Amino acid sequence: MAVDLQKVKELRERTNSGFLDCKTALEETGNDIEKAIEWLQEKGIVKAAKKAGRIAAEGIVKAFVKDNVAVVFELNSETDFVAKNQMFTEFADKVANALVEADFSSNEDLAKILIDGVSIEEHTNTLTAKIGEKISLRRAIKYVAKDNEVVAGYTHANNRVAVVLLAKGSNQENLRHVAMHIAALNPAHLFESCLGEQELSEINNRIENDPKLAGKPEKIQASMKAGMLKKEFVERGVLMYQPFVMEESKTVAQYLSDSGLELVDATRFEVGEGIEKKVVDFAAEVAEQMGK
């Protein structure tokens, strides 16, 4: 049966599938558009299943704030090139809006969240089939501000680093500036308490017994101890003690205080962190493909 090229065009517009896939789908279904769509969906599931075990360590991270809710998430692809694909970026926008509205408490919950009545897992399977690379929503964090609290977020221009924060107060713009600081400097800890009791005890004992304090007046000792403690915390990457990037005469803690803010929590995502990337032997991969 000859394929109706007008129907091929319509099928491509409705499914975003390639010309050859649409042509084959119509050939297999007798030029029936609706059956061809079902055929493509079934084929897509098979394609996506074959790619499920592949490593997707590229993609984007995105912070999104709406009213009193902030989310940050990582949407992965196999290559940076695909992360710039229009279908990929449009899907990322839909994910952002869905996460703001959805209730989830773990990354395992993400696949079940619905977008236009279809689960995110089904959407990523379809996208995997259409684009030809594994697409997956890896992780997400959500903050909801209560009364007298505020959320803020920042996504770096390259979409590879994003930060969301929750704080007591109301100055969202200045809180966003702190998000930019976190994105740039990637502090190891938010607060000194994050270091743990044992590490804090070791630091304090070392400072108390520092030979430089010997024979100094009590007030001088107190000033020296404060300076040494600040230096220790800066070296260990504690956010509150770092010089604020936009106003280095102040620490981040001082900038927050001057802004009427008290940080509650913050999360920084970077694309691919913690994923062990597969080292590909290109010649072997080509040989494997040719052997199929």
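Look up a bit, the structure's there.
This is a predicted model, so every value here is computed, not measured.

(A) Broad picture of the pattern of salt bridges. Tallying each qualifying case throughout the model produces 17 salt bridges. Put simply, Arg 139 and Glu 273 hold a salt bridge, and the shortest N to O gap is 2.8 Å. Placement of the pair is Arg 139 in strand β5 (residues 136-144) and Glu 273 in the loop between β10 (262-270) and α10 (282-291), with a sequence separation of 134 residues. Across the pair Arg 236 and Glu 232 runs a salt bridge whose closest N-O atoms are separated by 2.4 Å. A cluster of three or more residues bridged by salt bridges with shared partners is formed by Glu 58, Asp 80, Lys 84 and Arg 160.

(B) Just the environment of Glu 173, in detail. On the secondary structure map, Glu 173 appears in helix α6 (residues 172-185). For Glu 173, a relative accessible area of 46% puts it in the partly exposed group. Between the C-alpha atoms of Glu 173 and Gly 153, which are 20 residues apart in sequence, the distance is 9.5 Å.

(C) Region of interest: the sheet that holds β10. Taken together, 3 strands build an open sheet; the order of strands is β6-β7-β10 and the sheet is antiparallel. This sheet does not close on itself; its edge strands, each paired only once, are β6 (149-155) and β10. Across this sheet, the average inter-strand angle for adjacent strands is 10°, counted without regard to direction. Relative to strand β7 (residues 161-168), β6 runs antiparallel, the two sharing 7 bridges. Along β7, the bridge assignment pairs Thr 155 with Ala 162.

(D) The arrangement of the side chain of His 181 in detail. With respect to the helices and strands, the residue His 181 is situated in helix α6. When its relative accessible area of 0% is taken as the criterion, His 181 is described as buried. A polar contact is formed between the side chain of His 181 and the side chain of Gln 242, at a distance of 2.8 Å. When residues no more than four places from it in sequence are discounted, the contact partners of His 181 are Asn 186, Leu 239, Gln 242, Pro 243, Phe 244, Val 245 and Val 252.

(E) Spatial organisation of the packing of aromatic side chains. Per the stated rule, a full pass over the model turns up 2 aromatic pairs. Between Phe 233 and Tyr 241, the ring centres sit 4.7 Å apart and the planes meet at 50°, which makes this aromatic pair tilted. Judged by relative accessible area, Phe 233 falls into the buried class, the value being 2%. Ring centres of Phe 244 and Tyr 255 lie 4.0 Å apart, and the angle between their planes is 20°; on these two criteria the pair is classed as stacked. Highlighted residues: Phe 244 in strand β8 (residues 243-244) and Tyr 255 in helix α9 (residues 252-258), separated in sequence by 11 residues. Like Phe 244, the residue Tyr 255 is buried in the burial classification. In this structure, Arg 139 is placed above the aromatic ring of Phe 269, and the distance from its NZ or CZ to the ring centre is 3.9 Å.

How each quantity is defined
Residues numbered from 1 in each chain as written. Predicted model: local features only at pLDDT ≥ 70, side-chain atom pairs only at ≥ 80, totals over all residues. Heavy atoms only, no water. Salt bridge = Lys/Arg side-chain N within 4 Å of Asp/Glu carboxyl O. Helix = DSSP H or I, 4+ residues; strand = E, 2+ residues; numbered from the N terminus. Buried < 20%, exposed > 50% of the residue type's maximum accessible area, 1.4 Å probe, protein only. Pairing = 2+ DSSP bridges. Axes fitted to C-alpha atoms, helices over the stretch in contact; angles between N-to-C directions. Polar contact = N/O pair within 3.5 Å; in protein donor to acceptor, adjacent residues only side chain to side chain. Contact = heavy atoms within 4.5 Å. Phe/Tyr/Trp six-rings, centres within 6.5 Å; stacked < 30°, edge-to-face > 60°. Lys NZ or Arg CZ within 6 Å of the ring centre and 35° of its normal.

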